[in-house]
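Secondary and tertiary structure notes
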Amino acid sequence: MTDQFALTDDQLAIQEMARRFTADAITPFAAQWDEDHSFPLETIRAAAELGFASIYVSEESGGIGLGRLDAALIMEAMAYGCPTTSAFISIHNMASWMIDRFGGAEIKSRYLPSLITMEKIASYCLTEPGSGSDAAALRTTAKLEGDHYVVNGTKQFISGGGVSDIYVTMVRTGEAGPKGISCLVIEKDMPGVSFGAPERKLGWNASPTAQVILENVKVPVENRVGAEGDGFRFAMAGLDGGRLNIGACSLGGAQRCLDEAIRYAKERSQFGQPIADFQNTQFQLADMAIDLEAARALLYLAAAKVTANAPDKTRFSAMAKKLATDTGSSVVDRALQVFGGYGYLKDYPIERFWRDLRVHRILEGTNEVMKMIVGRDLLRQ
C-alpha cells in the first residue's frame, strides 16, 4: 500500500543532489544576497550544470526531460536555502519548456542550446499594468508587417526584467479575448526594448523585477512560438507547472523555518526550562508539521497528474498551489512566533522567508483565482 506514495530511487537521487547543491551553493549565501539585493547569476549557472535549467525540456532538445514531480522536488530543495533563487530558476524553466514544447525545429535550435546552459537567461512575460488576474485582457499588440511583427506595450512585474536575455512574451495579434493572443520570443537587444526601474519589493530581493517596455519592436515572424492565436493556451499550460513549482518553493521555505523553530525551541530557555518542554510549543510545532505534510501530499499528487496529462490536472494544480502557498506562509509566520522577538531580527533567517513566501499567494495566479478555477471545474461535472 505504501509503495504508491514512495519516491522512486531516481527521484530520491535527484532530491539528494538538489539538497547538496543547496547546502553548498545557496544556503550559506542567501542572507547576503537578500541584504545586498544581489542577483546570484553564477550560482544559477552552476545549477544549470546539474541540468536544473532544463528540467522538463526534452532530452531530444538537450534537456534532462524529467516530470513535474521531479521538478517540484528540485524546487522544494533549493527553496530550503532561498525561495527567491529557486523561483527564478523555475521561471527560466517555464520559458525554456514553452519554446521546446510548442516551438518549431528552427526556433528550438536557435534558442534552447544557450538556455539549457543558462548562457542566456529567459523570462516569461504575461502580466501587464492593466491585466493581472484577467490575463486574457492583455493589450500589448503585435501587428504583422511583412516578415516581422511590430510590438507595442508594457509588461509588468517581470522577474529578470532588464537582466534576462530572452523574453517569452504573450502579445495580441488578433481579436479581443484569449483567441487573439500569440507567443513571441523577444530578445533584450532588439531596438525598442527597454526596462523600467527595478521594483522596490518586500521580498524576493535576490531576483530583479522590472517592467519590460516594448516600443515599435520589430520581431521576426520566425520568433513566433506555435501558430497565431495559440498563445493563451500555451500560457495556461505553462501555469499548471509554474503553480506547482511556486507551491514547492513554499514547501521548501516552510520546511526550513519549521526545522529552525524546532532547533531554537530546544535551545531557548524560559522559566527554567527549554521552551520545547512546554506543551504549547509542542502543539504549535505539531500543527506546523501536520499542515506542511498535508500540503506536500496534495502538491505531489497534482504534479503526478500534470505529468500524466490527467483531465483534472489544472484543478489539482490550482488546489495544490493554493494550499501549499497558504500553508507555507502560515508555517513561517508561526515559526516567527516561536522565535519571539528574535524572529523579527535579520540575525535569524525567519523574517527573510516570511517576506519571500508572502508573494507566492499572489503570483502564478492569485489564490483567489485558484479558488475560481477549482469552483468552475467542479460545476462543469
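Everything in this summary refers to the structure shown in the same document.

1. As for the environment of S250
For S250, the location among the structural elements is in helix α7 (residues 231-267). Spatially, the C-alpha atoms of S250 and S329 are 7.4 Å apart, while their sequence positions differ by 79 residues. Not counting the four nearest positions on each side in its chain, S250 is found in contact with A324, T325, G328, L357 and H360.

2. Structural notes on the environment of N216
If you trace the backbone, N216 turns up in strand β7 (residues 209-220). Judged by relative accessible area, N216 falls into the exposed class, the value being 52%. A sequence separation of 73 residues divides N216 from K143, and the C-alpha atoms of the two residues are 9.7 Å apart.

3. Remarks on the packing of helix α5 (residues 83-102) against helix α6 (residues 105-116)
For the pair α5 and α6, the least separation of the axes is 9 Å and the interaxial angle reads 155°. In this view, α5 runs roughly antiparallel relative to α6, as classed from their interaxial angle. Note on packing geometry: the crossing formed by α5 with α6 is left-handed. For the pair α5 and α6, contact is made by H92, S96, I99 and D100 and by I107, K108, Y111, L112 and L115, respectively. When grouped by side-chain class, the residues that make up the contact of α5 with α6 number 5 nonpolar, 2 polar and 2 charged.

4. Regarding α5
The first and last C-alpha atoms of α5 sit 28 Å apart over 20 residues, in line with the 28 Å expected at 1.5 Å per residue. Of all the 20 residues making up α5, 19 are buried; the element is thus mostly covered by neighbouring parts of the structure.

5. Re the side chain of S159
Mapped onto the elements of the fold, S159 is located in strand β3 (residues 148-159). You can call S159 buried: its relative accessible area is 10%. Excluding residues that lie within four positions of it along the chain, S159 makes contacts with F88, I91, S123, S164, W204, S207, P208 and T209.

6. Details of the side chain of R172
With respect to the secondary-structure elements, R172 resides in strand β4 (residues 166-172). No salt bridge forms around the buried R172; measuring N to O, its nearest opposite-charge neighbour E175 is 7.4 Å away. Polar side-chain contacts of R172 include one of 2.6 Å to the backbone oxygen of E175. Among residues more than four places away in sequence, those in contact with R172 are A136, A137, L138, T140, T141, A142, G177, G180 and I181.

7. A word on the nonpolar core
Grouped together as the largest cluster of nonpolar side chains are 97 residues, with contacts concentrated most on M78, M98, I99, Y124, L126, M170 and L299. Here the element with the most residues in this core is α7; it accounts for 15 residues. Grouped together as the second largest cluster of nonpolar side chains are 15 residues, C125, A142, M190 and V212 included.

8. What about the packing of helix α4 (residues 68-79) against helix α8 (residues 279-307)?
Direction vectors running N to C along α4 and α8 enclose 140°, while the axes themselves pass 7 Å from each other. With respect to each other, α4 and α8 are oriented oblique. On α8, the residues touching R68, L69, A72, L73 and E76 of α4 are R296, L299, Y300, A303, V306 and T307. Grouping the constituent residues of the contact of α4 with α8 by class yields 7 nonpolar, 1 polar and 3 charged.

About the cut-offs
- Residues numbered from 1 in each chain as written.
- Predicted model: local features only at pLDDT ≥ 70, side-chain atom pairs only at ≥ 80, totals over all residues.
- Heavy atoms only, no water.
- Helix = DSSP H or I, 4+ residues; strand = E, 2+ residues; numbered from the N terminus.
- Contact = heavy atoms within 4.5 Å.
- Buried < 20%, exposed > 50% of the residue type's maximum accessible area, 1.4 Å probe, protein only.
- Axes fitted to C-alpha atoms, helices over the stretch in contact; angles between N-to-C directions.
- Parallel < 35°, antiparallel > 145°, perpendicular 65-115°, else oblique.
- Left-handed = near helix turned anticlockwise from the far one by under 90°.
- Nonpolar A, V, L, I, M, F, W, Y, C, P; charged D, E, K, R; others polar.
- Expected span 1.5 Å × (residues − 1).
- Lys, Arg positive; Asp, Glu negative; His and termini not counted.
- Salt bridge = Lys/Arg side-chain N within 4 Å of Asp/Glu carboxyl O.
- Polar contact = N/O pair within 3.5 Å; in protein donor to acceptor, adjacent residues only side chain to side chain.
- Core = buried A, V, L, I, M, F, W, Y, C linked by side-chain atoms within 4.5 Å.

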